[in-house]
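If you want the building blocks of each chain, they are given just below.
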Amino acid sequence: MPPSGPITGKDPADRDRAVAHAAEALRDGRVVILPTETVYGLFTRATTAAVDHLDSFTVKSEPGVGPRVTLHLADIDPLRQMLHTPNATTRRLIDRLCPGPVRFVLEQPPEALARLREGLGVAEGLIDDNERVAFRQPDHPLARRALREAGVPCIARRLGSAFWALGDDPGTTAAIIPDDASPAPAVVIDDGTSLHKAPSTTIRVALDGKLIVEPGGVLTERAVLDHLDRLVLFVCTGNTCRSPMAERIAKRLESQSPPTGVTTRFASAGIAAAEDMPATPEAVKSLKRRGIDAQDHRSRPLTLALIEEAEVIYTMTPSHAEAVMQAAPDAAYKVFPLGEAEVVVDPIGHPQKVYDQTAEQIERLLRDRLATIAP
């Protein structure tokens, strides 16, 4: 079947028709070419017959050890429910990098692979090699729309693996498709040069969480590993008692937890803080009674850079949360009072007993909060 012809215009009606044609072709087990944010891909339905048909287009399979094709998904959540992800490393990387320019190759126990095959309705040996499953969630609206509208599991290989593709171009544009391509794809959707102009990064994860980040993709190993680091920020008014106590107590609690492969850093700041002020003597004493040294604490004002860097921000009161969100409205999704139903009242000017009670309250609230953000 000849290709439908590249769709090069920006007219929404043309795009809608192209996506509908691509989805229909995918359901029928034909090969279509779709753009992704990395490179264009040869897509088809995840059936044995369709993959055999795809083989007639290609001379190169995915590199390295693993499944011969990669499952591509519009939505990751259904697959996530079926995967065996016992370690924090795997869960966090999926959460942080899907959708995105990555291809995961996850080692899975036999029962998990059987569950995946049954849940997706795919045959053994298509998206797995009896030890690992390969999948990707592209971050391109046209590809995701076509996959979602197809409503069936689909697999893909990069356009550059087609036997009629010339040179070393992995398929950053649809221009590498010759006019006389044979066999011809059923549908080609041309969205110009891909965003990243490079293949996706393959991340291999063993059952024990050991990572291998293969070179040559969009993301470097350092960029991937950076996603295993997070900052939790505590905010009060002056950053001399409540938020420093929260920061130091959180560090102590984290140090007592078993390692997960995810590094959690803690920091504190104040919405009206002066620069470089020590913690109050009462706060230092309350922490010392818990075996925590805070004599080196120095206050700092809250900045937009800190707000942006933090993965989650806990404030001592709802008014602190409002102040943070007014300063950075786009960060509202990650700002929460430390106590869901109670305020951490400022102990400044009160006797030591009040500071001790505040420290006890903060530790209690922290145990609940840190449990909810466990990697």
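Let us look at the structure shown here. (Residues numbered from 1 in each chain as written. Predicted model: local features only at pLDDT ≥ 70, side-chain atom pairs only at ≥ 80, totals over all residues. Heavy atoms only, no water.)

## Some points on the state of the cysteines
Okay, step 1: If you walk through the whole model with that rule in mind, you get 0 disulfides.
Okay, step 2: Left unpaired, cysteine 98 is separated from the closest cysteine sulfur, that of cysteine 154, by 17 Å.
Okay, step 3: With no disulfide of its own, cysteine 241 lies closest to cysteine 236 among cysteine sulfurs, the gap being 5.7 Å.
Okay, step 4: Classification of cysteine 241 as buried rests on a relative accessible area of 5%. (Disulfide = S-S within 2.5 Å. Buried < 20%, exposed > 50% of the residue type's maximum accessible area, 1.4 Å probe, protein only.)

## Quick word on the pattern of salt bridges
Okay, step 1: What the rule picks out here adds up to 30 salt bridges.
Okay, step 2: Here glutamate 149 makes a salt bridge to arginine 145, at a shortest N to O gap of 3.9 Å. One end of the pair is glutamate 149 and the other is arginine 145, both in helix α6 (residues 141-150) and 4 residues apart, which spans about a single turn.
Okay, step 3: Note on glutamate 149: relative accessible area 39%, which makes it partly exposed.
Okay, step 4: Residue glutamate 214 pairs with arginine 204 through a salt bridge whose shortest N-O separation is 2.5 Å. Here the residue glutamate 214 occupies a position in the loop between β9 (211-213) and α7 (221-226), and arginine 204 occupies one in strand β8 (residues 201-205), the gap between them amounting to 10 residues.
Okay, step 5: Residues joined in a network through salt bridges with shared partners are Asp52, Asp55, Arg68 and Arg157. (Salt bridge = Lys/Arg side-chain N within 4 Å of Asp/Glu carboxyl O. Helix = DSSP H or I, 4+ residues; strand = E, 2+ residues; numbered from the N terminus.)

## Description of the packing of aromatic side chains
Okay, step 1: Tallying each qualifying case throughout the model produces 4 aromatic pairs.
Okay, step 2: Ring centres of tyrosine 314 and phenylalanine 336 lie 6.3 Å apart, and the angle between their planes is 45 degrees; on these two criteria the pair is classed as tilted. With tyrosine 314 in strand β12 (residues 312-315) and phenylalanine 336 in strand β13 (residues 335-337), this pair connects stretches of sequence that are 22 residues apart.
Okay, step 3: A connected cluster of aromatic rings, assembled from ring pairs, spans Phe234, Phe266, Tyr314 and Phe336. (Phe/Tyr/Trp six-rings, centres within 6.5 Å; stacked < 30°, edge-to-face > 60°.)

## Quick word on the sheet that holds strand β6 (residues 154-158)
Okay, step 1: A sheet is described by the order of its strands in space; here 9 strands give the open sequence β7-β1-β2-β6-β3-β5-β4-β8-β9, paired in mixed fashion. The sheet terminates laterally at β7 (187-188) and β9, the two strands that pair on one side only.
Okay, step 2: Contacts from helix α2 (residues 48-55) reach β2 (41-45) and β6 within the one sheet, and its direction differs from that of β2 by about 155 degrees. (Pairing = 2+ DSSP bridges. Contact = heavy atoms within 4.5 Å. Axes fitted to C-alpha atoms, helices over the stretch in contact; angles between N-to-C directions.)

## Observations regarding the side chain of arginine 248
Okay, step 1: Mapped onto the fold, arginine 248 is located in helix α8 (residues 242-255).
Okay, step 2: When sequence neighbours within four positions are dropped, the list of residues in contact with arginine 248 reads Leu287, Ile292, Asp293, Ala294, Asp296 and His297.

## A few points about the layout of surface pockets
Okay, step 1: Of the pockets and cavities examined, the largest pocket occupies roughly 280 Å³.
Okay, step 2: Along its surface, the largest pocket is lined by 17 residues, and Glu254, Ser257, Leu370, Ala371 and Ala374 are the ones closest to its centre.
Okay, step 3: Secondary-structure elements contributing two or more residues to the lining of the largest pocket are α8, β11 (263-270) and α12 (352-372).
Okay, step 4: The leading source of residues in the lining of the largest pocket is α12, at 4 residues.
Okay, step 5: Taken together, the residues of the lining of the largest pocket sort by class into 10 nonpolar, 4 polar and 3 charged. (1 Å grid on protein atoms, 1.4 Å probe; cavity = no way out; pocket = protein on both sides within 12 Å on 5 of 7 lines; lining within 4 Å. Points joined across faces, edges and corners; volume = space filled by probe spheres on them. Nonpolar A, V, L, I, M, F, W, Y, C, P; charged D, E, K, R; others polar.)

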